[in-house]
Amino acid sequence: MTLADAKYQYLLRMGDNALILGHRLSEWCGHGPILEQDIAITNIALDQVGQARSLLQYAAQLEGKGRTEDNLAYKRDVMEYRNVLLVEQPNENFAYTIVRQFLFDAFNFLLHKSLVNSKDEHLKAIAEKSLKEITYHLRYSSEWMIRLGDGTAESHQKIQTALDDLFIYTGELLTPDAVDQTIFEAGIGPDLTALQAPYQAKIDEILQQATLQKPEVKYMQSGGKDGRMHTEYLGYILAELQFVQRAYPNMEW
Amino acid sequence: MTLADAKYQYLLRMGDNALILGHRLSEWCGHGPILEQDIAITNIALDQVGQARSLLQYAAQLEGKGRTEDNLAYKRDVMEYRNVLLVEQPNENFAYTIVRQFLFDAFNFLLHKSLVNSKDEHLKAIAEKSLKEITYHLRYSSEWMIRLGDGTAESHQKIQTALDDLFIYTGELLTPDAVDQTIFEAGIGPDLTALQAPYQAKIDEILQQATLQKPEVKYMQSGGKDGRMHTEYLGYILAELQFVQRAYPNMEW
Amino acid sequence: MKAPADYAHLEDQFQARIDAEEKIEPKDWMPDKYRKTLIRQISQHAHSEIVGMLPEGNWVTRAPSLRRKVALLAKVQDEAGHGLYLYGAAETLGAERDDLLDELHTGNAKYSSIFNYPTLSWADIGAIGWLVDGAAIMNQVPLCRCSYGPYARAMVRVCKEESFHQRQGYEIMLTLARGTEAQKKMAQDALNRWWWPSLMMFGPNDAESKHTAQSMAWKIKRFTNDELRQRFVDITAPQAEFIGLTIPDEHLKYNEETGHYDFGPINWDEFWQVVSGEGPCNRQRLKARRRAHEEGQWVRDAALAHAEKRRQRQAAKKDQKVA
Amino acid sequence: MKAPADYAHLEDQFQARIDAEEKIEPKDWMPDKYRKTLIRQISQHAHSEIVGMLPEGNWVTRAPSLRRKVALLAKVQDEAGHGLYLYGAAETLGAERDDLLDELHTGNAKYSSIFNYPTLSWADIGAIGWLVDGAAIMNQVPLCRCSYGPYARAMVRVCKEESFHQRQGYEIMLTLARGTEAQKKMAQDALNRWWWPSLMMFGPNDAESKHTAQSMAWKIKRFTNDELRQRFVDITAPQAEFIGLTIPDEHLKYNEETGHYDFGPINWDEFWQVVSGEGPCNRQRLKARRRAHEEGQWVRDAALAHAEKRRQRQAAKKDQKVA
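Residue numbers run consecutively from 1 along every chain, following the written order of its sequence. For naming, the first written chain is A and the first written ligand is 1, with later ones following in the order written. At least 70 in pLDDT is required for a residue's local features to be given in this predicted model, at least 80 for side-chain atom pairs to be given and counted, and no such filter applies to totals for whole chains, interfaces and linings, which use all residues. Side-chain figures throughout are based on the complete set of non-hydrogen atoms in the structure, without hydrogens or water.

1. Topic: the overall build of chain C
Along chain C, the regular secondary structure elements total twelve helices and two strands. The helix and strand sequence of chain C, counted from the amino end, reads α-α-α-α-α-α-α-α-α-β-β-α-α-α. If one aligns the C-alpha atoms of chain C with their principal axes, the spans along those axes are about 80 × 55 × 30 Å. Taken over 323 residues, chain C has a buried fraction of 56%. Contact criterion: two residues are considered in contact whenever any of their non-hydrogen atoms come within 4.5 Å of each other. Look at the contacts in chain C between residues 6 or more apart in sequence, and 75% of them connect residues 24 or more apart. Accessible surface, chain C: about 14,700 Å² in total, of which carbon and sulfur atoms supply 53%. Placing the 45 positive and 45 negative side-chain charges of chain C at their respective mean positions leaves the two points 8 Å apart. Secondary structure follows DSSP: runs of H or I at least 4 residues long count as helices, runs of E at least 2 residues long count as strands, and numbering of each begins at the N terminus. A 1.4 Å probe rolled over the protein chains alone gives each residue an accessible area, and that area as a share of the maximum for its type sets the label: buried under 20%, exposed over 50%, partly exposed in between. Accessible surface area values rest on a Shrake-Rupley calculation with a 1.4 Å probe, where residue burial reflects the displayed protein chains alone. For the charge count, each Lys or Arg is scored as positive and each Asp or Glu as negative, with His and the chain ends excluded. Charge coordinates come from a single atom per side chain, which is NZ of Lys, CZ of Arg, CG of Asp or CD of Glu.

2. Some points on the overall build of chain A
A tally of regular secondary structure across chain A gives ten helices and zero strands. Counting from the amino terminus, helix and strand elements in chain A follow one another as α-α-α-α-α-α-α-α-α-α. For the C-alpha atoms alone, the extent of chain A along its principal axes is close to 55 × 40 × 30 Å. The buried share of chain A, reckoned over its 253 residues, is 66%. Pairs at least 24 residues apart make up 80% of the contacts formed inside chain A by residues separated by at least 6 positions. Within the structure as shown, chain A displays about 8,700 Å² of accessible surface, and the carbon and sulfur contribution to it stands at 51%. For chain A, the distance from the average position of its 24 positive side-chain charges to the average position of its 35 negative side-chain charges is 4 Å.

3. Here we look at the interface of chain B and chain C
Counting residues at the interface gives 21 residues for chain B, matched by 22 residues for chain C. Counting each side, the surface lost to burial between chain B and chain C is near 1,700 Å², with a carbon and sulfur contribution of 46%. We define a salt bridge as a contact between a side-chain nitrogen of Lys or Arg and a carboxyl oxygen of Asp or Glu at a distance within 4 Å. At the junction of chain B with chain C, the criterion picks out five salt bridges. The salt bridge partner of E92(B) is R291(C), with a shortest N-O separation of 2.9 Å. N or O atoms closer than or at 3.5 Å make up a polar contact, with two conditions inside protein: a donor-capable atom paired with an acceptor-capable one, and, for residues adjacent in sequence, both atoms drawn from side chains. If you look at where chain B meets chain C, you find eleven residue pairs in polar contact (both at pLDDT 80 or more). Contributing elements (two or more residues each) for the side of chain B that touches chain C: α6 (153-166) and α9 (233-241) of chain B. Of the residues forming the side of chain B that touches chain C, the biggest block, three residues, is contributed by α9(B). By buried area we mean the combined loss of accessible area, with a 1.4 Å probe, across both parts when two parts are placed together.

4. Brief notes about the side chain of E56(D)
All names here are of chain D. With respect to the helices and strands, the residue E56 is situated in helix α2 (residues 32-57). Judged by relative accessible area, E56 falls into the buried class, the value being 1%. At 2.5 Å, the side chain of E56 forms a polar contact with the side chain of K75. Not counting the four nearest positions on each side in its chain, E56 is found in contact with L72, K75, V76, E79, I125 and I128.

5. Side note on the environment of E63(A)
Its location among the elements puts E63(A) in helix α2 (residues 35-63). Through-space distance from the C-alpha of E63(A) to that of A4(A) is 8.2 Å; in sequence the pair is 59 residues apart.

6. Section: the domain arrangement of chain C
Residues and elements named next belong to chain C. Once the domains are mapped, chain C shows domain 1 (4-278) and domain 2 (280-322). Averaged C-alpha coordinates put domain 1 and domain 2 at centres separated by 31 Å. With 16 residues of domain 1 in contact, the opposing surface of domain 2 contributes ten residues. Regarding the contact of domain 1 and domain 2, the summed buried area is about 1,300 Å², with carbon and sulfur atoms giving 61% of it. On the domain 1 side of the interface with domain 2, the three residues burying the most area are L54, H105 and N116, jointly 43% of the side's total. Viewed at the interface, domain 2 and domain 1 are joined by one salt bridge. One salt bridge connects R283 with E278, and the closest N-O pair in it is separated by 4.0 Å. Where domain 1 touches domain 2, the interface holds five residue pairs in polar contact (both at pLDDT 80 or more). Looking at the side of domain 1 that touches domain 2, the elements with two or more residues in it are α2 (32-57), α4 (97-105) and α10 (268-278). Here the side of domain 1 that touches domain 2 takes four residues from α2, the largest share from any one element. Where each domain begins and ends follows an automated or database-derived domain assignment.

7. Focus on helix α7 (residues 181-200) of chain C
One turn of an α-helix holds 3.6 residues; hence residues three or four places apart share an orientation. Residues and elements named next belong to chain C. Expected span of a helix, by definition, is 1.5 Å for each gap between consecutive residues, and there is one gap fewer than residues. Here α7 contains 20 residues, and its C-alpha end-to-end distance of 30 Å stays within 8% of the 28 Å for a straight helix at 1.5 Å per residue. To obtain the bend at a residue, axes are fitted to the seven residues ending there and to the seven starting there, and the angle between these axes is taken. The largest bend along α7 measures about 35° and falls at W194, with the proline P197 one to four residues further on. Taken across its 20 residues, α7 has 15 buried, putting it largely inside the fold.

8. Considering helix α5 (residues 122-140) of chain C
Residues and elements named next belong to chain C. Along its 19 residues, α5 runs 26 Å from first to last C-alpha, staying within 8% of the 27 Å computed at 1.5 Å per residue. Considering bend angle alone, the principal kink of α5 is centred on I128 and spans about 35°. Burial analysis of α5 places 18 of its 19 residues in the buried class, the great majority of the element.

9. Focus on a negative patch on the surface
Residue and element names in this part refer to chain C. On the surface, E91, E96, D98, D99, D102 and E103 cluster together into a negatively charged patch. Considering each element in turn, the negative patch owes the most residues, four residues, to α4. Note on placement: E91 falls in helix α3 (residues 66-91). Judged by relative accessible area, which is 36%, E91 ranks as partly exposed. Patch criteria: residues need more than 30% relative accessible area and no salt bridge. Like-charged residues are merged within 9 Å; nonpolar side chains of Val, Leu, Ile, Met, Phe, Trp and Tyr are merged within 5 Å.

10. Description of the interface of chain C and chain A
In this assembly, 46 residues from chain C lie in contact with 47 residues from chain A. Among the residues chain C hides against chain A, the three largest losses belong to T61(C), L66(C) and W298(C). Together they make up 20% of the total. At the junction of chain C and chain A, the tally comes to three salt bridges. E36(A) is the partner of R97(C) in a salt bridge, and the nearest nitrogen-oxygen pair spans 2.3 Å. On inspection of chain C and its partner chain A, the count reaches 16 residue pairs in polar contact (both at pLDDT 80 or more). For the side of chain C that touches chain A, the secondary-structure elements that each account for two or more residues are α2, α3, α6 (149-177), α7, α11 (282-295) and α12 (297-322) of chain C. The greatest single-element share of the side of chain C that touches chain A, amounting to 14 residues, is contributed by α3(C). Of the residues assigned to the side of chain C that touches chain A, the class counts are 26 nonpolar, ten polar and ten charged. We call Asp, Glu, Lys and Arg charged. Ala, Val, Leu, Ile, Met, Phe, Trp, Tyr, Cys and Pro are nonpolar, and the rest, Gly among them, are polar.

11. So, the side chain of R62(D)
By the secondary structure assignment, R62(D) is in the loop between α2 and α3 (66-91). Among buried Asp, Glu, Lys and Arg side chains, R62(D) stands out as unpaired, with E240(B) the closest opposite charge at 5.3 Å. Within the structure, R62(D) has its side chain in polar contact with the side chain of Y236(A) (distance 3.4 Å). Among all residues touching R62(D), those that are not within four sequence positions of it are G235(A), Y236(A), E240(B), L241(B), V244(B) and K69(D).

12. With respect to the state of the cysteines
Put simply, a disulfide is two cysteine sulfurs that come within 2.5 Å. In this structure the tally under the stated criterion is zero disulfides over all chains. Cysteine C159(C) is unpaired, with the sulfur of C144(C) as its nearest cysteine sulfur at 3.7 Å.

13. With respect to the packing of aromatic side chains
Any pair of Phe, Tyr and Trp rings, taking the six-membered ring for Trp, is counted once the centres come within 6.5 Å. Such a pair is stacked with planes under 30 degrees apart, edge-to-face with planes over 60 apart, and tilted for the rest. Under the definition given, this model contains 32 aromatic pairs over all chains. Ring pairing ties together the aromatic residues Y7(C), F14(C), W29(C), Y34(C) and W218(C), which thus form one cluster. Two thresholds decide whether a charge sits over a ring: the Lys NZ or Arg CZ must be within 6 Å of the ring centre and within 35 degrees of the ring normal. Directly above the ring of Y236(B) sits R62(C), whose terminal nitrogen or CZ lies 3.9 Å from the centroid.

Written out as structure tokens, the structure reads:
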């Protein structure tokens, strides 16, 4: 794998993660459980879609085929998307949204803390801007993990169930493959294996405060970031996300 | 309005009703409350989509622009669809599905009983085939109206709620406009006003057996069949329905 | 309880302050009816912001470009923010947000009827920004000088943001109107559907409007419905012309004599139908708000329970230190 | 209770009937283990039909043409029908459908692991028809001669329909493979994802398979897992070649000596992972089935309650007539 290929893939993965997670969050817009949380979730959605734009712009530039952020977002089908499976999981209830966000933020925070030292100046600049946002996201989702875990019996049970369901999607986040390895060796991104311990430590710390049990998982689910597989949810996300561009192709909006 | 225009619109309306109702029913496929009802609902969906094919094929032929049933189904956006608002209402639960079906079947049955005498031979032939299916649909939905209405307290309350919510969409079914009038005068379709009394009689008969209250409605909702307006649900239906054709245009499947 | 004479005196003083353009503040004395009128108006306004998130939120996941998606998300977020500080303003008058929400959810409180129309294409997002926010600003700019301080100050911020939204909406329409035939058609269709409901946003004709006189005296209202509606038409008609869209009113015509646009009669039957809860989306809007509230109950309960646990733990810690 | 000697005698008679290719019918004597084995196998088969509706049902609303939509609906409906008469066959052995469903919903009963893979493109519908139904037929055709009568007869009908589905699936793949580059890619991708799971459908290698010997003696099973798998590869490999798709196995090669295709090693770790409930969609499939069942409870309750009301009313009418 050439470094150029790896960089393009890496940016796509990051961009797709941000876009799909932003999409899921934006589904809450107008339907949040409390007005303040409607605003907060929409705010995180905004950050994620904003980050997706920067990342996909850069990916398109690296690809060098004249595509734009919108071409990448609106014209790829499921099997060309490179987001991790975690971010496409549905908002079954607010607990799922919080757990998904927390499990992703804890990873994303460590990733960006490392990326601010990237040898790639462009990615470094994006990461510096994003890190501030992600620091807030992680604080927000951690607080809600604790609030719901250490809230009522009902909320505890709901968030434990969400955690049990979603934890199987965390393996993919920090299991490096050839792309990650190439990026690491080029000094552009972190050694993912080195982030595993701090990731688990963060999870443990918050779950302990939230009085939640860490699920025991024999097999992790993966396939999103390397494009091997997605869950059936992604197709529905894209049908909605891409409708206007697909129905009215090649227009300015 | 020329008769040709009216006929094309009339066929579109009938075809879109069948297609969108079939779509809604098909959402149950694999998720029905009882295996036997999963089969029955899927069976009605099959009939509806089958009818949609005949009707849209004929519409495309009348239009004479070389379009096909699939062009009509997959390439029109919300404002070009001509189904009544009733059929696009969501499956909030099985009661909504049954009420929607019953309110539509009672209309559709009367419509087809008249269309088998249509002066348009092609439409007459379609109607003859469909009438057998629709007779079964009406029996099925009537039986379930009664079963759920005169079942448990919970089922009674659920189906009454669904009826209260959906009844506002029945006005459009039998309120004639210029298209209906032109069709009637040409001896192709019924005088819709003449169907109003038998429609209400059928509704009353079944509601009485089902121990349900007929909702008092001051204003009916309309706009679907004349293309003035739809509900926000239709856009999501089309995003899903049309995804593959939109994402991979001009291909054979 | 005050004697009638005292009360009359207080009322005179109150009116004098208003006449002098002084701001009334939460702790000041005010007539009960002033307080009630304001609570009703402010909470209706807050509800409108919250319900207004729904038709626009409906296109967030389907926005046609990432740039537009970000802008729309930000806009809807702004509306939630407006709702938040408007509820806050109502609370300064002694109302409770929970009670106000109950009124909304039971269908007793009103909100702007315009949000009972569906958003059916992307162009509707443009039309809402241009027309609905445009009409809202027309209504709200005078409220920045409203006699009640907290409301007036909230309105200053709201108007600033609405004005940004309005320009954004107009720019969406402009882009569509200058786009392909399909886009132009989409824009024209949106204008056709949103024009008349926008005119209805100013409320009934002055002759039919119950509250106007008292509200004008209290400077809660500074212009009549018909004055504001005329101003809106006068500003919007040339904007439509500029981008090449046709306002769906055959009577619309500039009147050289009056210097205003004449326009056709409004379908007041439709207006009252929608106000009475029977518009195209009234049920869906209320159902969506109620569902969000009901499904959010366990989250609010958890937040309260957790806060209480923390409070108790901290109290226990303090007790230990003291002991 | 029979004495051991009687029992051995009955067992011998039973085995003799089976050896003579006689059909065992519901009222005939049969060993407990035969009954249990059959209930397990038939109910697993029934569950597979029901769970199998989910990955395919997932594309009903998105089928790319109305013709394909109708065919897919009909196919999924057939599967529901298969489930129905397979549950019926299990009931002839004294099982109750409700108990069998409970076993499914609690995760105690198995169903074909293939349905724990996601359908991600339209081509997956083709691949399932071609490969999954193809493999199922391979497994099921011998069951038409199964020693238990009701199961054998159910299988005759099932196989007829499956064979139609298989041809339909292959035809979808053919259309895609002869379509545009995008369609060909979609078809190849589907083949890549479904090939190995399809081979796993025949179960573990004979050496690892626990139940084979007894089931073969009872003529519940007529060929071993590996025999059937080999037959599937032998039939499918040329089909892939014919439509120009590449089976994702670098070891796949026709062996002139044996007259069979050699193929590469199966990833048994993945097989056991999915069987143990940890495949890509195990949780989603069970959740969907459980949800349908739970959300359908009030409907089933209503149907029962209404039937009881009718029964009582009719009984009352009869009483009146008699009186």
